[in-house]
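A look at the structure
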Amino acid sequence: MKTEQVKELLSQDSAIQLLEQMYGKGKAEENAARYEMVANGFRKEFGDKEFEFFTSPGRTEIGGNHTDHNRGKILAGSIQMDCVAAAAANGTETIRIISETYKQDLVIDLADLAPTNQTTGTLPLTKGVLTGLKNRGFEVHGFDAYVTSSVIGGSGVSSSASFEMLVCSIVDYLFNKNTGDVVSYAKAGQYAENKYWLKGSGLLDQMACAVGGIITIDFADEEEPKMRKVDCDFDDLDLDLVIVNTGKGHADLSAEYSAVPNEMKSVAAYFGKEVLQEVDEEAVIANVKDIRKKCGDRALLRALHFFEENKRVDLQVAALERGDREAFLKEITNSGNSSWKWLQNCYLNETPNEQSITSALALTELFLSKINDGACRVHGGGFAGVIAAFIPKKHTQEFCTYIDNALGEGSAFIMHIRKQGAIHVEF
């Protein structure tokens, strides 16, 4: 499309309907303005030429905290916060990406995608995604893109995975006739984080951003994860999912994140296995004394969290599918308690005076106790970032005001689960 066509296109009923599906009722107008801004930015930077729109959401982790990297089970959903891009092939072997949000202008020569000493930031991440796609047989050529993002950076809703999946959708549509699959997208993103950021991440973030809606995935078969959509709407349970930004980013915590899968895998290695999915929980319990001696207490606790969290994912999915609100909230609470006590990803032992996650959880638990309803838990990687709270709708605004007063204005975000994952947008 051309820039001058955008305003008229976005005013059509079909476009308004799609925007409301992606961003929530009453949110079409403000997001139409975002798409117009992106189109105008593209025109200003790259000239008045044909382009396409792409979007990729952030994600919320509902169940399965730190299980994916040991080939466990997860429950997750895509959210209305997203990356939006206007992009077009440029007929070269050079990629240029301009980020309106982060004021970045990236230029990438496709002949130079090797990792460097830089293990943070958008440039190595993008190179890693492109390399991951090429390794999986994708055609990758030069394109221009102008990008904006509403996904909160460094806050556990996967701003990095959202961007990774955006790049995948652009490459797939422009050069591969949209023939790629979400598993390939996710693996390209994981490859980038593992090899270019040196971060021991699994596939949860990427899959949840790529697919759309609420999904459950069993990663037992790493090459062909078993994924299915969960037919549920939190509105039907009279619940709002509220993400609370605790005010402490986690961009520098790669070592802490990597320690979680590595310690779990050390317990698996005790049995001669690669990951805990290949180990029986009863065998771990039968060998506790020796495991504590050889792997350490925290590794043992994290392994036990893995086994029990896998069971909770199945219980959460079953509860959602039968509309059992109480059972679902019970398992959310159990998951949160396990992450806090066993997984231990709510604060750093090295900095006990900084406990943004545990402070937010304590405040939320006090609120939930007062209303005698709802549930909360650490969200995503943990250590810093965000928590998730499931709040009865009649108390949502009260909770948001309470949290904003305690942690700062704009700390609470009401989430909308969107059905669309990382896609080429067709209005």
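Residues numbered from 1 in each chain as written. Predicted model: local features only at pLDDT ≥ 70, side-chain atom pairs only at ≥ 80, totals over all residues. Heavy atoms only, no water.

1. A few points about the nonpolar core
Formed by 35 residues in total, the largest nonpolar core has its most connected members in Ile97, Leu130, Leu133, Phe143, Ile170 and Val171. In terms of residue count, the dominant contributor to this core is helix H5 (residues 159-176) (9 residues). Residues in contact with Ile170, not counting those within four places in the same chain, are Phe54, Ala85, Ala87, Phe143 and Ala145. (Core = buried A, V, L, I, M, F, W, Y, C linked by side-chain atoms within 4.5 Å. Buried < 20%, exposed > 50% of the residue type's maximum accessible area, 1.4 Å probe, protein only. Helix = DSSP H or I, 4+ residues; strand = E, 2+ residues; numbered from the N terminus. Contact = heavy atoms within 4.5 Å.)

2. So, the packing of helix H4 (residues 122-135) against helix H6 (residues 182-196)
The geometry of H4 relative to H6 is characterised by a closest axis approach of 7 Å and an angle of 125 degrees between their N-to-C directions. Regarding the angle of H4 to H6, the classification is oblique. Taken as a pair, H4 and H6 cross one another with a handedness that is right-handed. Contacts from Pro124, Leu125, Lys127, Gly128, Val129, Thr131, Gly132, Leu133 and Asn135 of H4 reach H6 at Ala188, Gly189, Tyr191, Ala192, Glu193 and Tyr196. The residue makeup of the contact of H4 with H6, split by class, is 8 nonpolar, 5 polar and 2 charged. (Axes fitted to C-alpha atoms, helices over the stretch in contact; angles between N-to-C directions. Parallel < 35°, antiparallel > 145°, perpendicular 65-115°, else oblique. Left-handed = near helix turned anticlockwise from the far one by under 90°. Nonpolar A, V, L, I, M, F, W, Y, C, P; charged D, E, K, R; others polar.)

3. Some details on H5
In this model H5 runs 25 Å from its N-terminal to its C-terminal C-alpha over 18 residues, within 8% of the 26 Å that 1.5 Å per residue would give. With 16 of its 18 residues buried, H5 lies for the most part within the structure. One or two steps after H5, the chain reaches Lys177, where phi turns positive at roughly 55 degrees. (Expected span 1.5 Å × (residues − 1).)

4. A word on the packing of aromatic side chains
Under the criterion given, the structure shown has 18 aromatic pairs. Residues Phe53 and Phe427 carry aromatic rings whose centres are separated by 6.1 Å and whose planes lie at 80 degrees to one another, so their mutual orientation is edge-to-face. One end of the pair, Phe53, is in strand S1 (residues 52-63); the other, Phe427, is in the segment after strand S12 (423-424), with 374 residues separating them in the sequence. In terms of burial, Phe53 and Phe427 fall into one category: buried. Ring geometry for Tyr270 against Phe271: centres 4.9 Å apart, planes inclined by 80 degrees, an arrangement best described as edge-to-face. By relative accessible area, which is 26% here, Phe271 ends up partly exposed. Grouped by ring-pair contacts, the aromatic residues Tyr23, Tyr35, Phe42, Phe46, Phe51, Phe53 and Phe427 constitute a single cluster. (Phe/Tyr/Trp six-rings, centres within 6.5 Å; stacked < 30°, edge-to-face > 60°.)

5. Description of the sheet that holds strand S10 (residues 386-392)
One open sheet accounts for 4 strands, arranged S9-S10-S8-S11; its pairing is antiparallel. With one partner strand each, in any of the chains shown, strand S9 (375-378) and strand S11 (412-414) form the two edges of the open sheet. Ignoring which end each strand starts from, the neighbouring axes of this sheet average 25 degrees apart. By the bridge criterion, 7 bridges tie strand S8 (residues 239-245) to S10 in an arrangement that is antiparallel. Of the residues in S10, the one forming a bridge with Leu241 is Phe390. Across the face of the sheet, helix H12 (residues 325-343) comes into contact with S8, S9 and S10 while running at roughly 30 degrees to S9. (Pairing = 2+ DSSP bridges.)

6. Quick notes on the side chain of Glu309
Along the chain, Glu309 falls in helix H11 (residues 297-321). In this structure the side chain of Glu309 is engaged in a polar contact, spanning 2.8 Å, whose partner is the side chain of Arg312. Once residues lying within four places of it in the same chain are set aside, the contact partners of Glu309 are Gly63, Gly64, Asn65, Thr67, Ser335 and Arg377. (Polar contact = N/O pair within 3.5 Å; in protein donor to acceptor, adjacent residues only side chain to side chain.)

7. Looking at the environment of Glu331
With respect to the helices and strands, the residue Glu331 is situated in helix H12. Relative accessible area serves as the criterion here: at 10%, Glu331 is assigned to the buried category. Note: C-alpha distance between Glu331 and Arg312 (19 residues apart in sequence) is 6.2 Å. Excluding its chain neighbours within four sequence positions, the residues that come into contact with Glu331 are Arg312, Leu315 and Gln316.

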